Amino acid sequence: MHFQLTDDQQALRAGVRTLLEGRFGRGALRAAVDGGGLDRALWRELGAAGFFALRLPEAEGGVGLGLPEAVLAFEEAGRVLLPGPLVATHLAAGTVPGAATGETVVTAAYGGLVEWLDEADVVRDTGPPGSPPEPLRNAERPTEAPGSPARPVSRVPGAVAVRSVDPLTPLHRVPVPAAADPLVVLLTAAEQLGGAARTCELAVQHARAREQFGQPIGAFQAVKHLCARMLVRVETARAAVYAAAVTADPPDIAAARLLADEAAVRGARDCLQVHGGMGFTWESDVHLHLKRAWIRTRRAGEATESEEMLAGNLLSGSAW
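Residues numbered from 1 in each chain as written. Predicted model: local features only at pLDDT ≥ 70, side-chain atom pairs only at ≥ 80, totals over all residues. Heavy atoms only, no water.

**A short note on the overall build of the protein**
Logical step 1: Helix and strand content of the protein: ten helices and eight strands.
Logical step 2: Counting only residues that meet the buried cut, the protein has 49% of its 320 residues in that class.
Logical step 3: Accessible surface computed for the protein: about 15,000 Å², of which carbon and sulfur atoms make up 56%. (Helix = DSSP H or I, 4+ residues; strand = E, 2+ residues; numbered from the N terminus. Buried < 20%, exposed > 50% of the residue type's maximum accessible area, 1.4 Å probe, protein only. Areas by Shrake-Rupley, 256 points an atom, 1.4 Å probe, with all protein chains shown as cover.)

Written out as structure tokens, the structure is:
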């Protein structure tokens, strides 16, 4: 089977990368870390570009593309550490008014955690896997009068703010059952893939530029091996994520999730190792990638759920 990207898919990926690098480059990233809050103007720009409506049929005002194209877009979002409840808003397009255009920010309770609760207009419960999500009771923000702008006040019963390791992902814990929606798992894996690829690039760039004992540190075998292992994990995860986007088979998605999580977390750790003491400083972006990777590993439930699915699939013989 031929898994090379088509010309249209390559153009889509390049277009999303250009948009995100121009609108959310390093300066914007650091400003977001220091300032906090969700950039509503950026959210609307994403909507206008079709980011949230990629899989929505053209007859309903969407772009009319498929899951593989959505994976490419989310990979680019993970690459630049784009903040916000991207997955939830994307999956709400076509069912929640304004989600497709970016006018409405939608978040959801994934694994008992809600990202960006105080910034969201609508919070949704995931429900059982495969079922259409329903809004949580009293989840929509109240307004002062009909037609007036929504106020930043959350009304989710039992929501408790928890300290987030990622400065760009505020979290609340809510008393709802965890439900691992395969689409949430796959799009999150795509974000992990983008982050893993970026940390690999950062490590290689630093290894080429940083000199020690009269030569770039990338000339030393230990550093070479770190960078090589990072690249192997990235490309292995890429193959799994792209294949899962084509098949949309739950076991394939589970495998993609495990490989992408490993590539993102271990890749960020190895990138820190290559950078040495510089990687641990607040001014460096490497620690932001590691923190976001940790947060994403919890978004769609524990990794053990994916491991158990794969194990059951193998033991039943259905994988063959």
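**Let's talk about empty space enclosed by the protein**
Logical step 1: Under the criterion given, the structure shown has five cavities of 30 Å³ or more.
Logical step 2: By volume, the largest cavity is sized at about 120 Å³.
Logical step 3: Lining the largest cavity are 15 residues, and of these Ala108, Tyr110, Leu113, Glu115 and Arg299 sit closest to its centre.
Logical step 4: Contributing elements (two or more residues each) for the lining of the largest cavity: α5 (86–92), β1 (106–110) and β2 (113–115). (1 Å grid on protein atoms, 1.4 Å probe; cavity = no way out; pocket = protein on both sides within 12 Å on 5 of 7 lines; lining within 4 Å. Points joined across faces, edges and corners; volume = space filled by probe spheres on them.)

**Regarding helix α7 (residues 221–247)**
Logical step 1: For α7, built from 27 residues, the straight-helix expectation of 39 Å at 1.5 Å per residue is met to within 8% by its first-to-last C-alpha distance of 39 Å.
Logical step 2: Note on α7: the residue one or two positions beyond its end, Ala248, has a positive phi of about 55 degrees. (Expected span 1.5 Å × (residues − 1).)

**Some remarks on the packing of aromatic side chains**
Logical step 1: Taken as a whole, this structure holds four aromatic pairs when the rule is applied.
Logical step 2: Measuring from centroid to centroid gives 5.0 Å for Trp43 and Phe52, while their planes differ by 40 degrees, and the two rings are tilted.
Logical step 3: Taking relative accessible area as the criterion, Trp43 reaches 1% and is therefore assigned buried.
Logical step 4: Judged by relative accessible area, Phe52 falls into the buried class, the value being 1%.
Logical step 5: Between Phe51 and Phe52, the ring centres sit 5.5 Å apart and the planes meet at 85 degrees, which makes this aromatic pair edge-to-face.
Logical step 6: Among the residues examined, Phe51 registers a relative accessible area of 5% and is labelled buried.
Logical step 7: Among the aromatic side chains, those forming a connected cluster through ring pairs are Trp43, Phe51, Phe52 and Phe74. (Phe/Tyr/Trp six-rings, centres within 6.5 Å; stacked < 30°, edge-to-face > 60°.)

**Considerations on the nonpolar core**
Logical step 1: Leu46, Leu82, Leu86 and Val241 are the most contacted members of the largest nonpolar core, which totals 81 residues.
Logical step 2: In terms of residues, this core owes the most to one element, helix α6 (residues 182–209), which gives 13 residues.
Logical step 3: For Leu46, the residues in contact, after removing those within four places along its chain, are Leu19, Leu20, Phe51, Phe52, Leu82 and Leu86.
Logical step 4: Core analysis: the next-biggest nonpolar cluster, separate from the first, contains five residues, Ala92, Val96, Ala99 and Val122 among them. (Core = buried A, V, L, I, M, F, W, Y, C linked by side-chain atoms within 4.5 Å. Contact = heavy atoms within 4.5 Å.)

**What to know about unusual backbone geometry**
Logical step 1: Unusually for a residue other than glycine, Trp116 sits at a positive phi of about 60 degrees.
Logical step 2: Unlike most non-glycine residues, Phe213 shows phi in positive territory, near 55 degrees.
Logical step 3: In this fold, Phe213 is placed in the loop between β7 (211–212) and β8 (215–216).
Logical step 4: We classify Phe213 as exposed; its relative accessible area is 72%.

**Overview of the pairing of β1**
Logical step 1: Counting buried residues in β1 gives five out of five residues, a clear majority hidden from the surface.
Logical step 2: Burial along β1 is two-sided: the face carrying Val106, Ala108 and Tyr110 and the face carrying Thr107 and Ala109 are both buried.
Logical step 3: By the bridge criterion, two bridges tie β1 to β2 in an arrangement that is antiparallel. Bridge pairing in β2 links Tyr110 to Leu113.
Logical step 4: What sits between the antiparallel neighbours β1 and β2 is a turn of two residues, in which Gly111 has the positive phi angle 65 degrees. (Pairing = 2+ DSSP bridges.)

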